[in-house]
Amino acid sequence: MHQYVGLIVLFPLIGLLINGLLGWKIKNEKVIGSIGSGAVGLSFALAVAIFIDMLGAAPEQRSHVVELFTWIAAGSFKVSAAYQVDQLSVLMTLVVTGVGFLIHVYSIGYMHGDRSFARFFTYLNLFIFAMLNLVLADNYVLMFLGWEGVGLCSYLLIGFWYQKKFEGVTITWTGDAGNKAFWVNRIGDFAFMLGMFLIFKEFGTLTFNEVMGQADTMAVGNSTVFWITLLLFIGATGKSAQIPLFIWLPDAMAGPTPVSALIHAATMVTAGVYMVARNSALYALAPDTMMVVAIVGAVTAIMAASIGIAQNDIKKVLAYSTVSQLGYMFLALGVGAFTAGIFHVMTHAFFKACLFLGSGSVIHAMHEEQDIRHMGGLKKVMPYTYWTFLISSFAIAGFPPLSGFFSKDEILWKSFADGSPILWFIGAAAALMTAFYMFRMVTLTFEGKPRWADDKHPHESPPSMTIPLIALAALAVVGGFVGVPAVLGGGNAIHQWLHPVFAQAEKTMALPEHHAHTTEYILMAISVAIGVTGWWVGRRMFLKDPNADERIAAKTGFLYRLLARKYFVDEAYDAAVVRPVVKTSDSFLFRFFDVRIIDGIVNGAGALAGWTSRTLRVIQTGVVQNYAALIVVGLVIVLGLIIL
Amino acid sequence: MIESYIPILLIIGIAVIFGVVSINLSWLLGPQRPYREKHSTYESGVDPVSTAHYRFSVKYYMVALSFIVFDIEVVFMYPWAVQFRELGWTGFVVMSVFIVVLAVGFIYELKKGALQWD
Amino acid sequence: MMEQLLTDSLNTAPITGMVILSLIVVMINALKKEPLATEYWVSLVGIVINIGLAVWVFPERGTAFSGSVMTGGYASVTAIIFLTAAALTIMLARVYIDKIGANFGEFFHLILFVTTGMMSFAAGLDLLVTFVGLELMSIPLYVLAGITRRNLKATEAALKYFLLGAFSTGFFVYGIGLIYGMTGTTKILDIAQNINAYSSEPLFMVGAGLMLVGFAFKVGAVPFHMWVPDVYEGSPTMVSAFMSTGVKAAAFSALLLVFTATFDFMHSSINTVVAVLSVASMVIGNIVALSQKNFKRMLAYSSIAHAGYMLIGITAGGGVSIAGVLFYLVAYMLTNLGAFGIASFIENSDQTGTDIDDFRGLYQRHPALAVILGVFMFSLIGLPPFAGFFGKYYIFVAAIENGYTWLTIVGVITSMISVYYYLRVVVVMFFQPEGEQVQTARFGREGAFALAVAAAGVLLIGVFPSVVLDWVSALF
């Protein structure tokens, strides 16, 4: 089956070509939506078929490279358009196409009546196409192509409603938010590219299999590998919104909600996690980088979670929640629990997509209202949305036996056992905050008395929106059972499945086996207790008084403002990076070098020029003389360098 | 070594003598009826002492350019004529190409009216 | 003798063909009045025939005219690049020259002369041929820059270009003179045989340095770049387009042939100089471009920056670099011609309306143009899967292989800065409402076709870079 992997990628391409080229002619939303969703659905079906086929094969025969054509060949340097079909990429493909398909279907209802309906589906299909290239690539160049491609789609989709205003630091239009995302991502991409160049320099190849093969014989602590992995990780912090590059993701919520669900929650932002996991063998060789990854992940998790507490925009809360959950995934990777990281990618895709789509449903019903302080009591009017939202909230808060419980618990356990108790503590604290802000949001949105204006008539969304919600909520419930740990009598199927992919890394790291189950039980009990506490406090506090925030704000003063204003990170970046660069360009190089030096001399000579000529005055002969003078200066420098 | 420069010295001497003699001869032999225009530096009517940023009619340049082009042509043709036998048909073909290129330019110039004075 | 002359002429068929074609178009222009359709079609068909000739003589690798002109191989590949640029320029400019009142037949044959000059410049194996080629390329361009005689900005650009061009050519000739003085020959291959001995002669190196200044001026490298923004902004847009692509390509091809492939200055002080020019161009070009308000001026600074990237390839040296730079030239040629072409489409008849703000809301008026210009901008940034990405990629790979990792890092950092100003165009086109003054694009069928060719090229080369890479590899 695996040889048909090219088709998985091809279907979205066909979809985007049809909608992109003929969409304006088709006009019929049902047709456009069906083409867009159908393309992804077909890919999903094929991915399932390949998955089942792989299940039937022996574990060591599950990895294949399917070469389509030679892409670039320059001397010894050769890159093929080739896809690597193995346990990891198939899992990611299933998530991307599966969740992607549901979100496509949801979008048919959500985008109903939008004047750029076809454009939206074109972009979505383009995104799926790029994302599949990213996860299926068998080499860094093709992965980079997908990496840039998803960034481009993210940019296009954030600014999709470009006529719309959007509030943020130095941001007024959705287009600005798109720009910010693109810019910040380029910083990460730059590091990724450097990492790629270093890999080429060190290994002489850019194919995953060959690089990992050579890595097998390398010593732990190799300094080149350290730089490679660090640079790649910086790339990941851009795409996956980690400290210090996380600032773009909350503003990315300017895009339509299905985009937030698909790109900025379920799939694209996990690309960094996937990339690190794909390079697990390299990371295993660089314990220092691993430590950096773990710390960055843990700090991001708690920082974003704390910001989430003080946000009032329903999508902003979810955005910070995403950043925080991505932090968990990196924490897992950093302590060497690659499987746990990927497991959380999967479960997170289910419940976070569901939450985002639920929020979209709410926003739709409330006529573009996003502030949870003006909601409340929606439980009765939109029961499907409420129940699916509630289930997903329980999942993200880590209530057993929902999916989030298993994946998050495994991360916390591994960070305790293979990392350090401090990491575990940070993770646990973040989990408490997660449960708290999630139920603050659920309570303010759905429970209590309505606080919306009388002219609004919220209603349940159409089936094309509620069915994907139900499907995702169901996945959020059962998705975790593939990873039931041994202490609870489970087989941890996902661990078995992914084991061959990470075997090399695990061998290099040589982590100790943990046989004493007592600690694990205790930690598990604690995390359940944390979830329950967060739920109880969050619900109680805001059910009693929807304006509890103001009381807290009054009591804590600066601390609350610090959270509400997101630790002033945006402002700091603006002052420290953005303005100086623009200023240097504008005031120094342009105003000073071009205007002052060149034109300054010119203006002096300008008087002379004006006096001597009438017609040629406009031509500013003075300028040319000074240009010529600069050429002479350049000549002197050139000759000086040559002779000396 | 130094002897080989004797012909050049001779040429220089002859050139100087030729110049001096011919200028003085015309001064000696020619009739002299001076008037104001004849005394000016350029008989074409251009005033030699005024601001340097003076508008010239483009026609002067047209004539001057054509003059230079055909003057240079002779510079090329003269050595070819001297070596005509040795260069043979190849030289003839090459020189024909050169003249054709020049002729195309000349026809263009004529047709565009560059040499029409009015 | 005669047979030799004939074979030599046939082996240099693209150049002789272009000479004949130029003369034919001059004659047509002289003998017949308006309209310009004949000149246009004869030029276009002639160029296509010459591309065919260039392909035909590709296997005839060697020299002609007693070792003073290169034939086949490299000469063919560069000729194809220049001819393609000329053909696209003519097609894109067909409606444009009408609009701005430059509908003279001279436009066509001057372009043909420039192209002929480029081909001789890039194929010259005798420094005199190189020089004649340089002049044949430059002089018609001075005229083209000011072809709209009544437009003050264009006249200014033409005069500036002429004065500074003449100035820098002086250095170039002086350099040739010194090299001749030290070696007693102008034949590049003869000089190359004893290059190691000459390299220790200070006067020879000064001569090479002076030639380098001449090249640097033509490619617009800092600090010989001051003319670029003024001239690109002032000249008619399609002339700027041709300058920024064709002339740059020619100067780089000649530089590659003389300095990289033949003299091989890899480990000499010349290389240090090129590296310095490269860094200065990348930094100044990209940073000054940030604050530009005019699209053409922005592209001018961007072209300075791109010259910097290509100079990385010259610094690195070796076969991979040559292939990389040639690839870059092709990618840059298609991209920049297209970008300038679109600017010329929406320009006003008085040659105004090329500010970046004039592109506001282009997406609403002309979605196709906006999307294509977006593609070009992304290609200039160097994003996959567009042609510009692989251009940068090959050059960077070559630089790393030759131990110039630091240059690559400067290149990557500066190209990251460039994202800002290229993206601003995209933002203005897609995400900003139309201004009050709305310009309707005029381009005609020829323009649309040429634009489609350029865009398709940018995409195709981006997806299948091997198509071009096979051509430009293993030429030496």
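Keep in mind that this is a model prediction, so the values were computed, not measured.

Peer 1: Before we go on, may I ask you to explain the overall build of chain B in this structure?
Peer 2: Along chain B, the regular secondary structure elements total 4 helices and 0 strands. Listing the helices and strands of chain B from first to last along the sequence gives α-α-α-α.

Peer 1: Would you mind going over the overall build of chain C with me for this structure?
Peer 2: In terms of helices and strands, chain C carries 21 helices and 2 strands. A buried classification covers 66% of the 476 residues belonging to chain C. Across chain C, contacts joining residues at least 24 apart in sequence account for 80% of those joining residues at least 6 apart.

Peer 1: Which parts of the structure should I look at to understand the interface of chain C and chain A?
Peer 2: The accessible area lost on association of the parts is a frequent measure of interface size. The interface is formed by 54 residues belonging to chain C together with 44 residues belonging to chain A. Secondary structure elements with two or more residues in the side of chain C that touches chain A: helix H7 (152-183), helix H10 (202-219), helix H13 (269-290), helix H15 (319-346), helix H18 (387-401), helix H19 (405-431) and helix H21 (466-472) of chain C. A class-by-class count of the residues in the side of chain C that touches chain A yields 43 nonpolar, 9 polar and 2 charged.

Peer 1: Please explain unusual backbone geometry as it appears in this structure.
Peer 2: Following A:Ile243, the chain continues into A:Pro244 via a peptide bond in cis, with omega recorded as 5 degrees. Take A:Pro244: it is sitting in the loop between helix H8 (223-239) and helix H9 (248-251). Of the consecutive residues C:Val222 and C:Pro223, the connecting peptide bond is found in the cis state with omega at 0 degrees. When you line up the elements, C:Pro223 lands in the loop between H10 and helix H11 (227-234). We note that C:Ser66 has phi near 45 degrees; this positive angle belongs to a residue other than glycine. Inspection of the secondary structure puts C:Ser66 in the loop between strand S1 (62-64) and strand S2 (69-71). Note on C:Ser66: 11 C-beta atoms within 10 Å, which makes it exposed. The phi dihedral of C:Gln351 is positive, around 65 degrees, even though this residue is not glycine.

Peer 1: Looking at this structure, how should I read the packing of helix H14 (residues 295-316) of chain C against H15(C)?
Peer 2: In a pair of packed helices, the angle between the axes and the distance between the axes together describe the arrangement. All names here are of chain C. Relative orientation of the contacting elements H14 and H15 amounts to 175 degrees, with a least axis distance of 9 Å. Regarding the angle of H14 to H15, the classification is roughly antiparallel. Facing H14, whose interface residues are Phe 295, Lys 296, Leu 299, Ser 303, His 306, Tyr 309, Met 310, Gly 313, Ile 314 and Ala 316, H15 presents Ser 321, Gly 324, Val 325, Tyr 328, Tyr 332, Asn 336, Ala 339, Phe 340 and Ala 343. For the contact of H14 with H15, the class distribution of residues is 12 nonpolar, 6 polar and 1 charged.

Peer 1: Any chance you could explain the confidence of the model for chain C here in plain terms?
Peer 2: In regions of low pLDDT, the predicted coordinates are not meant to be interpreted in detail. Averaged over every residue, the pLDDT of chain C is 89; residues scoring 70 or more account for 99%. Among the scores for the predicted complex, ipTM is 0.85 and pTM is 0.70.

Peer 1: Could you clarify how one ought to interpret the nonpolar core in this entry?
Peer 2: Soluble, globular proteins show a tendency: their nonpolar side chains are buried together. Counting 434 residues, the largest nonpolar core has A:Ala353, A:Leu472 and C:Phe327 as the members making the most contacts within it. Counting residues per element, this core draws most heavily on H15(C), which supplies 20 residues. No fewer than three residues from each of domain 1 (159-564) and domain 2 (568-643) of chain A sit in this core. Excluding residues that lie within four positions of it along the chain, A:Leu472 makes contacts with A:Leu102, A:Phe350, A:Ala353, A:Cys354 and A:Leu357.

Peer 1: Please explain helix H3 (residues 87-110) of chain A as it appears in this structure.
Peer 2: Each full turn of the α-helix corresponds to 3.6 residues, which orients residues three or four apart in the same direction. For H3(A), built from 24 residues, the straight-helix expectation of 34 Å at 1.5 Å per residue is met to within 8% by its first-to-last C-alpha distance of 34 Å. Burial analysis of H3(A) places 23 of its 24 residues in the buried class, which makes it a mostly covered element.

Peer 1: Can you walk me through the confidence of the model for chain B in this structure?
Peer 2: Of all residues in chain B, 94% attain a pLDDT of 70 or more, and the chain-wide mean is 84. Within chain B, helix H1 (residues 6-29) of chain B carries the highest mean pLDDT (91), whereas helix H2 (residues 36-39) of chain B carries the lowest (74).

Peer 1: I keep staring at the environment of C:Ser138 and nothing clicks. Help me out?
Peer 2: All names here are of chain C. By the element assignment, Ser 138 lies in helix H6 (residues 127-145). Ser 138 sits in the buried class, given 20 other C-beta atoms within 10 Å. Residues Ser 138 and Phe 162 lie 24 residues apart in sequence; the distance between their C-alpha atoms is 8.4 Å. Not counting residues within four places of it along the chain, the set of residues in contact with Ser 138 comprises Gly 165 and Thr 169.

Peer 1: Would you explain the environment of A:Asp189 in this entry?
Peer 2: Residues and elements named next belong to chain A. Within the element layout of this structure, Asp 189 appears in helix H6 (residues 174-203). Residues Asp 189 and Lys 239, spaced 50 residues apart in sequence, show a C-alpha to C-alpha distance of 8.3 Å. What Asp 189 contacts, discounting residues up to four positions off in sequence, is Trp 147, Glu 148, Gly 235 and Gly 238.

Peer 1: Any chance you could explain helix H15 (residues 338-365) of chain A here in plain terms?
Peer 2: All names here are of chain A. End to end, H15 covers 40 Å across 28 residues, agreeing with the expected 40 Å (1.5 Å per residue, within 8%). In the structure, H15 departs most strongly from a straight axis at His 348, where the bend amounts to approximately 30 degrees. Among the 28 residues that make up H15, 27 are buried, leaving the element largely enclosed by the rest of the structure. Phi for His 367, located one or two positions after H15, is positive at around 55 degrees.

Peer 1: What is the right way to read the environment of A:Gly188 from this model?
Peer 2: Residue and element names in this part refer to chain A. Considering the arrangement of structural elements, one finds Gly 188 in helix H6. The buried category is assigned to Gly 188, around which 26 C-beta atoms lie within 10 Å. Gly 188 sits 57 residues away from Leu 245 along the chain, and the two C-alpha atoms are 7.9 Å apart.

Peer 1: What exactly am I supposed to notice about the packing of H3(A) against H15(A) here?
Peer 2: Residues and elements named next belong to chain A. Where H3 contacts H15, the two axes come as close as 11 Å, and the packing angle between them is 5 degrees. Classed by the angle they form, the pair H3 and H15 counts as roughly parallel. Two secondary-structure elements touch here, H3 through Leu 88, Leu 91, Val 95, Val 99, Ile 103, Tyr 106 and Tyr 110 and H15 through Ile 342, Met 346, Ala 349, Ala 353, Leu 357, Gly 360 and His 364. Residues of the contact of H3 with H15, tallied by class, amount to 12 nonpolar, 2 polar and no charged.

Rules used throughout
Residues numbered from 1 in each chain as written. Chains lettered and ligands numbered in written order. Predicted model: local features only at pLDDT ≥ 70, side-chain atom pairs only at ≥ 80, totals over all residues. Helix = DSSP H or I, 4+ residues; strand = E, 2+ residues; numbered from the N terminus. Buried ≥ 20, exposed ≤ 12 C-beta atoms within 10 Å, placed from the backbone. Contact = placed C-beta atoms within 7 Å. Nonpolar A, V, L, I, M, F, W, Y, C, P; charged D, E, K, R; others polar. Axes fitted to C-alpha atoms, helices over the stretch in contact; angles between N-to-C directions. Parallel < 35°, antiparallel > 145°, perpendicular 65-115°, else oblique. pLDDT = per-residue confidence, 0-100. Core = buried A, V, L, I, M, F, W, Y, C linked by C-beta atoms within 7 Å. Domains from an automatic or database assignment. Expected span 1.5 Å × (residues − 1). Bend = angle between axes of the 7 residues up to and from the residue.

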